[in-house]
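Here is how the chains run, residue by residue.
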Amino acid sequence: MNQISPLAFVHPEAQIGDNNIIGPFCYIDRNTVIGNNNVMQNGVTINSGARIGNGNEFFPGSSIATKPQDLKYKGEDTICEIGNNNSIRENVTVSRGTASKGTTQLGNNCLLMENMHIAHDCFFGDNLIIGNSTKFAGEVTVDSNAIISASVLCHQFCHIGGYVMIQGGSRFSQDIPPYIIAGKDPIRYAGINIVGLRRHGFSNELIDHIHNAYRLLYSKGIMAEGIQEIKNNLQITPEIQYIIDFVSSSNRGIIR
């Protein structure tokens, strides 16, 4: 049974599962689908196009499936998908998609801290931690298990690899490959995310293997030559293949 405050507005066309808590002054629009066991504290807005899974908690002032901040958006029906067991803190905003991709997507078990923003058509994986006031422009991809600190500014179309740690206050317009620490000003490669990899169960041998891959990659001025050095000198494990595929497919180039 849902607990819905008499001070909340829930559109009669909204589809709501079971055992949800909807606090006072929440606004649930039409064309929304909400699963089970979600908590919406006071003043949460769930806009048209939201598709929300199970076990999420939304803190006051958060707004999901907002209209894209994109002048190309002409009112087309698009959606914003929120997975399961996410903690979405105060004043977080997540826009719905545009005609470009149609969907903005957030995975499972993520922590989105206060006042951060995810723009239209972004694709975010699982187990992410994103700090206060960090902002992502449109069509950004963030792979699973990344940690992005506070007040980070990410340019549109960037790709952030898995298991990275990005220093607070960073600004970037190029892709950030997996397993690394990115920091300093201007932002650049600052070594392997050793602590994060160990926390995720990576062996010291595998961490050394990843470190050697980046040593070879960055030893060449041209990324294609660095990739060839990796192929010539290292065993191609799934982790090394991930690095190769990420760098090879980068449209914006990777940070150096």
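Residues numbered from 1 in each chain as written. Predicted model: local features only at pLDDT ≥ 70, side-chain atom pairs only at ≥ 80, totals over all residues. Heavy atoms only, no water.

Could you clarify how one ought to interpret the overall build of the protein in this entry?
Scanning the protein from terminus to terminus reveals 4 helices and 28 strands. The C-alpha atoms of the protein give 20 Å as radius of gyration, which agrees with the globular expectation for 256 residues (18 Å, within 12%). Counting only C-alpha atoms and orienting by the principal axes, one finds that the protein spans roughly 65 × 40 × 30 Å. In the protein, the share of contacts with a sequence separation of at least 24, taken over all contacts with a separation of at least 6, comes to 29%. (Helix = DSSP H or I, 4+ residues; strand = E, 2+ residues; numbered from the N terminus. Rg over C-alpha atoms; globule rule 2.2 N^0.38 Å. Contact = heavy atoms within 4.5 Å.)

How should the pattern of salt bridges be read in this particular structure?
Should the charged atoms of two oppositely charged side chains come close, the side chains can pair. On inspection of all chains with the given rule, the structure shows 3 salt bridges. Taking the shortest distance from any N to any O, the salt bridge between Glu 90 and Arg 89 comes out at 3.1 Å. Given a relative accessible area of 25%, Glu 90 falls into the partly exposed group. (Salt bridge = Lys/Arg side-chain N within 4 Å of Asp/Glu carboxyl O. Buried < 20%, exposed > 50% of the residue type's maximum accessible area, 1.4 Å probe, protein only.)

Looking at this structure, I do not really get the sheet that holds strand β10 (residues 57–58). What am I missing?
Neighbouring strands of a sheet are bound in pairs by backbone hydrogen bonds; such pairs are parallel or else antiparallel. Pairing within the open sheet is mixed, and its 11 strands lie in the order β1-β4-β7-β10-β13-β16-β19-β22-β25-β27-β28. With partners counted over all chains shown, the strands left at the sheet margins are β1 (3–4) and β28 (188–192), one partner each. Two strands pair when backbone bridges link them, and strand β13 (residues 87–88) and strand β16 (residues 111–112) are joined in this way by 2 bridges, in the parallel orientation. Each residue of the ladder has a partner; that of Ser 87, found in β16, is Leu 111. Across the face of the sheet, helix α2 (residues 204–217) comes into contact with β27 (180–183) and β28 while running at roughly 150 degrees to β28. (Pairing = 2+ DSSP bridges. Axes fitted to C-alpha atoms, helices over the stretch in contact; angles between N-to-C directions.)

Is there a simple way to think about the pairing of β27 in this case?
The side chains of a regular strand alternate, first on one face of the sheet and then on the other. Sheet analysis places strand β25 (residues 165–166) next to β27, joined by 2 bridges and oriented parallel. Each bridged residue has a counterpart across the sheet, and for Met 165 the counterpart in β27 is Ile 181. As judged from the 3 bridges shared by β27 and β28, these two strands associate in the antiparallel manner. Bridge pairing in β28 links Ala 182 to Tyr 189. If you look at the hairpin formed by β27 and β28, you'll find 4 residues sitting between the two strands, and Lys 184 has a positive phi there, around 70 degrees.

Got a minute to help me understand the pairing of strand β12 (residues 79–82) in this structure?
Bridge count between strand β9 (residues 50–52) and β12: 3 bridges; the pairing is parallel. Along β12, the bridge assignment pairs Ala 50 with Cys 80. Bridge count for β12 against strand β15 (residues 103–106) is 4 bridges, and the pairing is parallel. Bridged to Glu 81 within β15 is Gln 105.

Sorry if this is basic, but what is going on with the sheet that holds strand β3 (residues 15–16) here?
Strand order in the open sheet formed by 8 strands is β3-β6-β9-β12-β15-β18-β21-β24, with parallel pairing between adjacent strands. Edge positions in the sheet fall to β3 and β24 (159–160), since each of these pairs with one other strand and no more. Where strand β6 (residues 33–34) meets β9, 2 bridges bridge the pair, whose relative direction is parallel. Bridging from a neighbouring strand, Val 33 pairs with Arg 51 of β9.

How should I be thinking about the packing of α2 against helix α4 (residues 238–248) in this particular structure?
In a packed pair of helices, the relevant descriptors are the angle between the two axes and the axis-to-axis distance. The contact between α2 and α4 brings their axes to 10 Å, and the two run at 30 degrees. One element, α2, and the other, α4, form an angle in the roughly parallel class. Relative to α4, α2 is oriented so that their crossing is right-handed. Together, Leu 206, His 209, Ile 210, Ala 213, Tyr 214 and Leu 217 of α2 and Glu 239, Ile 240, Ile 243 and Val 247 of α4 make up the contact between the two elements. A class-by-class count of the residues in the contact of α2 with α4 yields 8 nonpolar, 1 polar and 1 charged. (Parallel < 35°, antiparallel > 145°, perpendicular 65-115°, else oblique. Left-handed = near helix turned anticlockwise from the far one by under 90°. Nonpolar A, V, L, I, M, F, W, Y, C, P; charged D, E, K, R; others polar.)

Looking at this structure, I do not really get the packing of helix α3 (residues 223–233) against α4. What am I missing?
Running from amino to carboxyl end, α3 crosses α4 at an angle of 165 degrees, the nearest separation of the two axes being 10 Å. If you check the angle between α3 and α4, you find them roughly antiparallel. In the crossing of α3 with α4, the sense of the turn from one axis to the other is left-handed. Here α3 contributes Met 223, Ile 227, Ile 230 and Lys 231 to the contact with α4, which in turn contributes Ile 240, Ile 244, Val 247 and Ser 248. The residue inventory of the contact of α3 with α4, partitioned by class, reads 6 nonpolar, 1 polar and 1 charged.

By themselves, these are just geometric observations and shouldn't be taken as functional.
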